[in-house]
Amino acid sequence: MAGFFSKTRDDEKRTESPAQELPAVEYSGEEGTVDDVEDDLHRGMKPRQLNMMAIAGAIGTGLVIGTGTALKFGPGSLLIGYALMGFTVYVVMVALGEMGAWLPHKKSFSGYASRFVDPAMGFATGWNYFFKYVVLLPNNLTATGILLQYWLPNLNVSVWIVVFGVAIITLNLIHVSFFGEAEFWMSLIKALVILMLILLCFIIALGGGPNGVRTGFYFWQNPGAFAQYTVTIKGHTTVIQGDTGRFLGVWACIVQATFAYLGTELIGVAFGETPNPRKNVPRAVNQTLSRIVFFYIAGVLVLGMAVPYNSPQLIEATRKGTSALASPFVVAASVAGVNKLADAVNGLLLIFTISAANSDIYLASRTVWALGKDGQAPQMMQRTNKHGVPVPAVALSSIFIALGFMNATKSAATVFGYFVSLVTVFGALNWIAVLVSYIAMIRAMKVQGVKREVMPYRNILLPWGAYIALFITAIVILFNGYSAFIPHFQVDKFLTSYIGIPVYVINILWWKLFKKTKRVRPEEADLVTGRRSF
């Protein structure tokens, strides 16, 4: 075993491994500098930037606003949903971290799917991820415009789409270190905002609000920890009673938590532009656990302490859309007698949406760049300038900002809303791709006689946790469209909940037939290319 991992470069060239075409990447220096090849991404992302993105990069309006729709099913349901999916997303991240620290490359997780499972799966995964973010891009810019309409109601949202669209395109066309620096400060602000809101709710629950009422865990007893499942369609409200209703309430929170966590894998795309992956990848991945515990779990816990799920203000807030008035944190403050918080939160939410839009272009462009490198996208997509910026990929991703103008008319906005709902399941499918790739890599290591002990980063939850997380994610994907059957079958909800699955499968089958790809056999999997040289 020691002999295998101490082979010289000449020995590697003589092996029959697929890695012979791509020699291992050499890393040198204490700072982890890399000799970048021409026409390639540069490892210009600083470790502190990656770490901060890991802590708060993917925190968005799903936590600040979306938790309100889940809280109405009870604080117990909310906590279970976020805890279960928090475990799942952490396993996804450490699995990605083990692969990224030991066999680093710049092709994101679609590259691992091609390498360990099947190039057809890599193709479907990459385009799935690209499509997801180029649709979310105009959605986040539209949300930015809606937030600004809180103060300037007469100014059309399209104006803000243009203003902020130009700004984030410019930021993505300069060196990645500038993108990283912008995300560092925006992520820092987001982390401070969430901490402020969590602390505020905690103080309110302990009786520190203007009304002086100490609630503690009172709302867990009255009205209770678990609410019946309710759904309102065209003014008609349906309530599912009994244990079935409480179970559906828990399940609704699990689905909402899934989509609140989507985007956590953001730093996995940034691995390719981070120096010294062996050191910085594990550090960034481990930050995921602290974010889940201190932001998500603590956030939903104090919300359940500060706001009863049957609060009329909370129910009304869930109908407010994107503005700060829809945030359950603002509702908690209002119930306790804290006024004018909505203005401050609304302004701070601008950082969330601008940061999300900025990351959308970055993620989409790096994904289509990786597809170009693997021959799964037009060749020009793999081109970069002297600063390591994939200009054609950024340009392609930026074009989709124009979809935001669909919100100018009500009918088009409805279609666009369906479009966004359609691709949200793609995020969970990417978790599936990461876990399947990891399991395939572990199987290949076992067949080829490679022990996990040689990996520079290992997590105690793996490999067994990957099978559990894979099962949970698959169940969520299969049953996320439960609401399409309550109180009666709704074709539009059903299609937007499930059409992403056949699209993903069709992409896999089409690429297999078009390129005649074959499943990667464990004994033939490439466990050499990009391996750390100690």
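Data block above holds the structure.
Cut-off values and rules
- Residues numbered from 1 in each chain as written.
- Predicted model: local features only at pLDDT ≥ 70, side-chain atom pairs only at ≥ 80, totals over all residues.
- Heavy atoms only, no water.
- Helix = DSSP H or I, 4+ residues; strand = E, 2+ residues; numbered from the N terminus.
- Buried < 20%, exposed > 50% of the residue type's maximum accessible area, 1.4 Å probe, protein only.
- Contact = heavy atoms within 4.5 Å.
- Phe/Tyr/Trp six-rings, centres within 6.5 Å; stacked < 30°, edge-to-face > 60°.
- Polar contact = N/O pair within 3.5 Å; in protein donor to acceptor, adjacent residues only side chain to side chain.
- Salt bridge = Lys/Arg side-chain N within 4 Å of Asp/Glu carboxyl O.
- Axes fitted to C-alpha atoms, helices over the stretch in contact; angles between N-to-C directions.
- Left-handed = near helix turned anticlockwise from the far one by under 90°.
- Nonpolar A, V, L, I, M, F, W, Y, C, P; charged D, E, K, R; others polar.

## Remarks on the overall build of the protein
- Regarding its fold elements, the protein presents 22 helices and four strands.
- Relative to its 534 residues, the protein shows a buried fraction of 56%.
- The long-range fraction of contacts in the protein, counting pairs at least 24 apart against all pairs at least 6 apart in sequence, stands at 80%.

## Observations regarding unusual backbone geometry
- With omega at 20°, the peptide bond leading from N222 into P223 counts as cis.
- Residue placement: P223 occurs in helix α11 (residues 218–224).
- Cis rather than trans, the peptide bond between I486 and P487 has omega equal to -5°.
- With respect to the secondary-structure elements, P487 resides in the loop between α20 (464–479) and α21 (491–498).

## What to know about the packing of aromatic side chains
- Under the definition given, this model contains 23 aromatic pairs.
- With centroids separated by 4.2 Å and ring planes inclined at 10°, the aromatic side chains of F123 and W511 adopt a geometry described as stacked. Taken as a pair, F123 in helix α8 (residues 119–148) and W511 in helix α22 (residues 500–515) lie far apart in primary sequence, 388 residues in all. For the pair shown, F123 and W511 are each scored as buried.
- Look at F485 and F489: their rings are 5.5 Å apart centre to centre, the planes differ by 45°, and that puts the pair in the tilted class.
- Judged by relative accessible area, which is 45%, F485 ranks as partly exposed.

## Some thoughts on the side chain of E183
- Tracing the backbone shows E183 in helix α10 (residues 176–205).
- Looking at E183, its side chain comes within polar contact range of the side chain of S355, at 3.0 Å.
- Sequence-distant contacts of E183, defined by excluding residues within four places in its chain, comprise M53, S355, N358 and S359.

## Quick notes on the pattern of salt bridges
- Scanning all chains against the criterion turns up five salt bridges.
- Across the salt bridge formed by E98 and R452, the nearest N and O atoms sit 2.4 Å from each other. Within this pair, whereas E98 is found in helix α6 (residues 75–102), its partner R452 is found in the loop between α19 (410–447) and α20, the two being separated by 354 residues in sequence.
- As a salt-bridge pair, R246 and D243 come within 2.7 Å of each other at their nearest N and O atoms. Residue R246 and its partner D243 are located together in helix α12 (residues 242–261), separated by three residues, close to a single helical turn.
- Relative accessible area serves as the criterion here: at 30%, R246 is assigned to the partly exposed category.

## So, the packing of α10 against helix α16 (residues 328–336)
- In contact at an axis separation of 10 Å, α10 and α16 are set at 35° when each is read in the N-to-C sense. Our pair here, α10 against α16, has a crossing hand that is left-handed. Contacts between α10 and α16 pair L197, I198, L200, C201 and I204 from the former with F329, A332, A333 and A336 from the latter.
- Class assignment of the residues belonging to the contact of α10 with α16 gives a composition of nine nonpolar, no polar and no charged.

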